[in-house]
Structures are given as C-alpha cells and as structure tokens.
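Residue strings, one per chain:
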Amino acid sequence: MPTEYEKYLTKRIRTYMWGSDTPPPIAMNHLTRPQNVGGRNILDLKAQNEAISIMKLKKLLDYSGDCPTASDTAIAIIMAAIPKSLQEKNHKDNSISNIFLQTIYMKNRYTSRALPNEIRKTLNIGAKYNLHLDVPKLSLEHKIKLPAWHHIGRTPGARHREYNSHARCLRTQHKVETISDLIIQEQILEDLTHNIENITRCECHNCKKYRKEGCTHPNACFNKASQILNDIAPKFNPQEDDHLLSEEITKDDRAVTIKNAIGPPEKIKIFNPDTTTKGSIHENLQIFTNPTKCKLETVRQDPKTQNPPDITAYTNGSCDQNSDKNAKASLGVWFSTNNPNNIGAPIGKNIIQSNNMAELLAIHSVLILTPSKARLHIKTDSAWAIKALCENIRSHTDNDFINISHANLLKPIVNKLRKRARQTSFEWVKGHARITGNEKADHLAAEGAQKTNPQKVIFFTSPKHNYMGAILAALSQRDAYKLILRSTTQKTKE
Ligand SMILES: [Zn+2]
Ligand SMILES: [Zn+2]
C-alpha cells in the first residue's frame with residue numbers, strides 16, 4: 001500500500017474514533033493494543049503493511065523447491081543494484097554472494113534507484129527489524145557454507161584484513177567465495193608437494209595453477225586464507241570443535257530414563273536440548289533480533305562426566321480459587337523422605353497466581369536444586385507443563401513466544417534445560433492415585449499454601465542457549481504484526 005494511502009486511511013480512522021480532525025487525546029499506538037491492556041484493538045495500518053512486507057521477504061528467502069520464480073528474479077535485481085562502493089573495482093569480484101548472510105545487509109538502508117519500489121521496501125523491512133543469523137549453535141555444514149567476505153561472525157577489529165592485496169587476490173584469482181573455499185586454500189599449506197623451503201619457486205600443482213590464474217605470490221595467499229579463518233569468532237568458526245559434541249539424545253539416555261519410569265514408557269518425554277541449525281541455512285534466519293545482544297561465542301552444554309547420578313523429583317503446583325482475583329498458588333517439590341531440598345511454598349506475589357504458573361515454578365526449582373551432571377527424572381501430573389516444554393517449545397521459540405502467556409517462566413526453564421550436561425525427562429503421573437511421590441508433593445504444596453511468602457521471585461534468562469527474535473521461515477503475517485507492535489511499544493518504553 002503506498003504511504004500516502006496509509007496516511008490517509010489512518011487519518012480517517014482517527015477522525016472516526018474522535019469525531020473530529022483535532023489531534024487525538026490518546027496516542028494511536030495505545031489504541032492499537034489489545035483491549036485487555038487498555039487498548040481498542042484498532043488495526044495499525046503501518047504495522048499491517050510492514051507485516052505484509054515481511055511476508056514478501058520470507059518468500060524472497062525461500063530457497064526450497066516451491067520458491068516462486070519471481071524470487072530468483074528479485075535476487076538477481078538486488079545483486080545488480082549493490083552499490084559499487086561495496087565492491088572491488090575489479091569486475092571479477094565475488095565478495096558479495098549472499099547479502100542476507102553478510103554484514104553489509106544489516107548496516108545498509110536501501111535507497112538505490114535501480115531497485116524497484118517493492119524490492120526496496122522488502123529489503124529495508126528486513127534491515128529495520130534486524131534479519132540475522134543469531135542461533136545458539138551452527139552446524140558444521142552451515143559454518144562452511146557462509147560467505148567468506150563481509151562475514152557476520154568476523155571478530156571486531158579484523159575487518160581491515162579483508163582489504164589488502166592478498167585478500168583481493170584470494171577473491172579474484174583464487175575465486176574464494178565461501179568459508180569452505182578458504183579452508184581449501186589453507187589446506188594447501190599442509191600439502192607435502194608444496195615446498196615451503198623455497199616458496200617463490202615452488203612447482204607444486206597448486207602454486208602452478210594459481211600462478212597461471214595471475215597470482216604472483218601463492219604461498220602468501222594461502223597464509224592469508226588461514227589468517228582470515230582465524231579471525232572468525234568461535235560460534236561461526238569451523239575449526240571450533242563444538243559441532244563434534246552431539247546434543248542429541250542417545251539410546252543409552254533413553255534406556256536409563258525408561259528404567260526410571262514408574263508407569264508405561266510412552267508417558268515419558270525427554271527434553272530435546274539440541275539447538276544446532278538444521279535444514280537450509282536460510283530457514284534459520286531470524287527477524288526481530290537485537291543487534292546489541294548478538295553473541296559471537298559458541299554455546300555449549302555443561303561438560304559430561306562419567307557415571308552420572310540419577311535423581312528423581314516429583315513436582316506439583318496447586319492454586320486455590322484458580323483464575324480468581326483472590327487466587328493463591330503454591331508449589332510442592334519432593335525428592336525423597338526427609339530430603340532437605342523438598343519444598344512446600346507459596347509462589348511469589350509478583351507472579352500470576354495460577355495452577356500452570358505454580359507447576360512451572362516447581363520445575364524451575366528442581367532445575368536450580370539438581371546438579372547439571374545428574375540425569376534428572378521429573379514426575380508430574382501436569383500434562384500441560386510437559387507439553388509446553390517437550391512438544392511445543394520449538395514453535396514457541398520460532399515465533400519468539402509472542403502468543404505465550406508464561407514466556408517469562410518458560411524462557412529461563414528452557415535455558416536451564418538446554419544447558420544441562422545430562423538429559424531431563426518428564427513423566428506424566430496420574431494425580432490422586434496413591435503414587436507416593438506425587439502425594440508427597442501434593443501435600444507439600446498444600447502446606448505451602450498456608451505459609452506467606454513476602455519475597456518477590458526474579459528469573460534470570462542468560463542470552464546464551466536462547467534464540468533471538470523469531471524464525472522468519474516459520475513466521476505468519478499475524479505473528480509478524482504482533483511482533484511489530486511489541487517492538488514499537490518496547491521502543492516507546494525505552
Ligand atoms: Zn606450492
Ligand atoms: Zn594469490
């Protein structure tokens with residue numbers, strides 16, 4: 001929708017709301033908020049149009065089989081319109097191969113007249129809401145596919161090294177485009193036929209090949225490739241060994257969990273801590289990220305130790321007059337008889353008093369009390385909590401918890417679960433069915449309800465083990481709209 005229409009229609013809405021053309025007594029962005037927070041749920045046209053642009057961006061980045069042909073054309077137009085100032089004067093330059101995965105994308109606003117209006121708008125919307133690859137853990141396959149130049153994981157201060165004559169030679173004569181190309185160049189240094197004693201006269205296959213292409217100093221270029229690889233921050237660096245440590249749940253882990261079951265094994269869910277990127281690299285791009293919180297270090301689980309102990313915990317949340325104004329919620333955690341870690345306590349006054357909140361808080365308490373190196377088996381009668389943590393967590397993460405009412409507690413719990421060295425399993429047990437642990441936890445929660453808790457509960461969510469923003473490939477227009485409204489209210493608050 002052209003901007004002038006957007007302005008015109010917004011003005012009409014305002015006039016309708018207030019019955020006159022005078023400036024409204026309440027700012028429009030308050031009226032666009034939902035009714036339960038004091039707004040009037042009015043459609044924010046600007047946000048709606050931006051959400052539509054985000055959907056176009058999503059199509060543009062759809063590299064799957066059913067990607068519209070128009071996207072290919074759009075990409076070609078974008079590549080042709082890249083400002084000459086960003087490229088080498090040499091025509092053979094290929095430093096910009098995939099702008100969405102290179103730093104030049106985020107830093108630029110697109111104003112080129114060579115770009116059609118729609119494409120310009122689509123590009124700018126991604127730049128405005130920080131389209132970025134800021135996942136906790138990149139797979140090796142994705143690390144080596146990233147463009148070698150304008151690298152998004154380049155350590156600060158190392159940028160200038162891409163601009164000397166050797167780097168330029170790597171781009172033009174050695175045709176280096178991706179990280180895997182750089183690795184191939186670096187490996188030549190290890191080649192036995194490559195003569196490092198007499199580098200200027202080396203007659204090895206590779207030196208001959210690149211001299212023929214016009215390179216006058218092949219050995220220096222190979223060294224340069226190695227240096228550029230060293231400048232890549234740990235999270236993006238293929239030489240880091242983090243991809244060797246699998247976070248997937250092993251057969252043995254499953255076997256132990258089943259051994260600890262008190263009921264049929266199909267009632268058990270094991271939390272999946274794996275955050276490694278999957279699918280095509282573009283499917284992992286996020287939007288609404290926070291560029292000031294981007295992480296360059298790699299995310300790791302706590303180190304695994306031999307012979308981990310097994311710990312079982314029964315959790316229970318209860319709420320008197322659930323969903324009532326006078327609701328009072330409490331939690332119960334039972335490890336074993338006379339265990340000093342057993343808890344029966346009311347939940348903090350600053351948290352919503354509800355059953356589900358108490359269930360989550362009980363799980364949160366168990367995670368704080370249990371060493372990460374132990375295999376943890378949580379038994380609860382809350383099917384809701386198990387579903388939220390083990391089944392729906394991926395979709396919650398994908399849209400940045402925009403539709404979730406318990407995000408403030410789910411996020412720190414998921415953080416802790418992802419960080420644990422050993423597996424955490426959840427088993428649903430029937431409530432009030434004379435299962436000892438469940439009854440004990442129930443009892444503790446009832447006791448807790450009688451106590452008073454003047455303390456406020458504070459949660460800490462480390463940005464590590466966390467995704468930033470929403471996954472663009474999974475985003476719906478409706479959720480994009482909500483995320484735009486959220487980011488504008490956040491900005492107004494700042
Ligand atoms: Zn050589
Ligand atoms: Zn060279």
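The structure presented is a predicted model; accordingly, all values stated were derived computationally and were not measured. The numbers attached to residues start from 1 for each chain and follow its sequence in the written order. All chains are assigned letters beginning with A, and all ligands numbers beginning with 1, in the order in which they are written. The predicted origin of the model limits local features to residues at a pLDDT of at least 70 and limits the giving and counting of side-chain atom pairs to 80 or more, whereas totals for whole chains, interfaces and linings rest on all residues.

Participant: Would you take a moment to explain the overall build of the chain for this structure?
Facilitator: Looking only at helices and strands, one finds 18 helices and eight strands in the chain. The C-alpha extent of the chain, read off along each of the three principal axes, is 85 × 75 × 40 Å. In this description, a residue-residue contact is defined by the distance between C-beta atoms placed from the backbone, which must lie within 7 Å. When contacts within the chain are restricted to residue pairs at least 6 apart in sequence, those whose partners lie at least 24 apart make up 78%. Counting from the N terminus, the helices are DSSP H or I runs at least four residues long and the strands are E runs at least two residues long.

Participant: Explain the domain arrangement of the chain to me, please; I cannot follow it from the model alone.
Facilitator: How big an interface is tends to be expressed through the accessible area that disappears when the partners come together. You can read the domains of the chain as domain 1 (159-230) and domain 2 (295-467). Here the C-alpha centroids of domain 1 and domain 2 sit 54 Å apart. Boundaries between domains were set according to an automatic or database domain assignment.

Participant: Is there a simple way to explain the packing of helix α9 (residues 179-187) against helix α11 (residues 218-230) in this structure?
Facilitator: Relative placement of two packed helices is described by the angle separating their axes and the distance separating the axes. An axis is simply a line fitted to the C-alpha atoms; with a helix, the fit covers only the stretch in contact. Between two such axes, the angle follows the N-to-C directions and lies from 0 to 180 degrees. Contact geometry of α9 with α11 gives a least axis separation of 8 Å together with a crossing angle of 130°. Relative to α11, α9 is oriented oblique. Remark: the crossing between α9 and α11 carries left-handed chirality. For the pair α9 and α11, contact is made by Leu 182, Ile 183, Gln 185 and Glu 186 and by Cys 221, Phe 222, Ala 225, Ser 226, Ile 228 and Leu 229, respectively. Each residue gets one of three labels, nonpolar for Ala, Val, Leu, Ile, Met, Phe, Trp, Tyr, Cys and Pro, charged for Asp, Glu, Lys and Arg, and polar for the others, Gly among them. Along the lines of polarity and charge, the residues of the contact of α9 with α11 split into seven nonpolar, two polar and one charged. Working rule for angles: under 35 degrees goes down as roughly parallel, over 145 as roughly antiparallel, 65 to 115 as roughly perpendicular, anything else as oblique. By the definition used in this description, the sense in which the near helix is turned from the far one sets the handedness, with an anticlockwise turn below a right angle giving left-handed and a clockwise turn giving right-handed.

Participant: I keep staring at the packing of helix α8 (residues 165-172) against α11 and nothing clicks. Help me out?
Facilitator: Between α8 and α11, the least distance of the axes is 9 Å, while the angle of their chain directions is 95°. Considering the angle they form, α8 stands roughly perpendicular to α11. In contact with His 166, Ala 167, Cys 169 and Leu 170 of α8, α11 contributes Ala 220, Cys 221, Lys 224, Ala 225 and Ile 228. Of the residues contributing to the contact of α8 with α11, the split by class is seven nonpolar, one polar and one charged.

Participant: Even after reading the chapter, I still don't get the nonpolar core, so can you show me in this structure?
Facilitator: The nonpolar side chains of a soluble globular protein tend to be buried with one another. Working definition: the nonpolar core is a set of buried Ala, Val, Leu, Ile, Met, Phe, Trp, Tyr and Cys residues, joined through C-beta atoms within 7 Å. Partly exposed residues are those falling between the two cut-offs: more than 12 but fewer than 20 other C-beta atoms within 10 Å of their own, whereas 20 or more means buried and 12 or fewer means exposed, with C-beta atoms placed from the backbone. By size, the foremost hydrophobic cluster in this structure holds 56 residues, and its most contacted members are Ile 287 and Leu 472. With five residues, helix α18 (residues 477-493) is the largest single contributor of residues to this core. When near neighbours in sequence (up to four residues on either side) are disregarded, Ile 287 contacts Ile 54, Gly 126, Tyr 129, Asn 130, Leu 131, Gly 469, Ala 470, Leu 472 and Leu 475. Within the second largest apolar cluster, 36 residues are counted, among which are Cys 319, Ala 362, Leu 376 and Leu 417.

Participant: What's the story with the sheet that holds strand β4 (residues 328-334) in this structure? I'm lost.
Facilitator: Sheets are built from strands paired through backbone hydrogen bonds, the pairs being either parallel or antiparallel. Read across the open sheet, the six strands follow the order β1-β7-β6-β3-β4-β5; overall the sheet is mixed. Single-partner strands in this sheet number two, and they are β1 (268-270) and β5 (343-346). With direction set aside, neighbouring strand axes in the sheet form an average angle of 20°. Against the sheet, helix α12 (residues 251-259) contacts β1, β3 (310-320), β6 (375-380) and β7 (424-428), and its axis sits at roughly 145° relative to β1. A pair of strands is labelled paired if DSSP reports no fewer than 2 bridges between them.

Participant: Any chance you could explain unusual backbone geometry here in plain terms?
Facilitator: Negative phi values dominate among residues other than glycine, just as trans dominates among peptide bonds. A positive phi is found at Phe 288, a non-glycine position, where the angle reads about 65°. Mapped onto the secondary structure, Phe 288 falls in the loop between β2 (286-287) and β3. In this model, Asn 338 sits at a positive phi of 60°, which is unusual for a non-glycine residue. Along the chain, the position of Asn 338 falls in the loop between β4 and β5.

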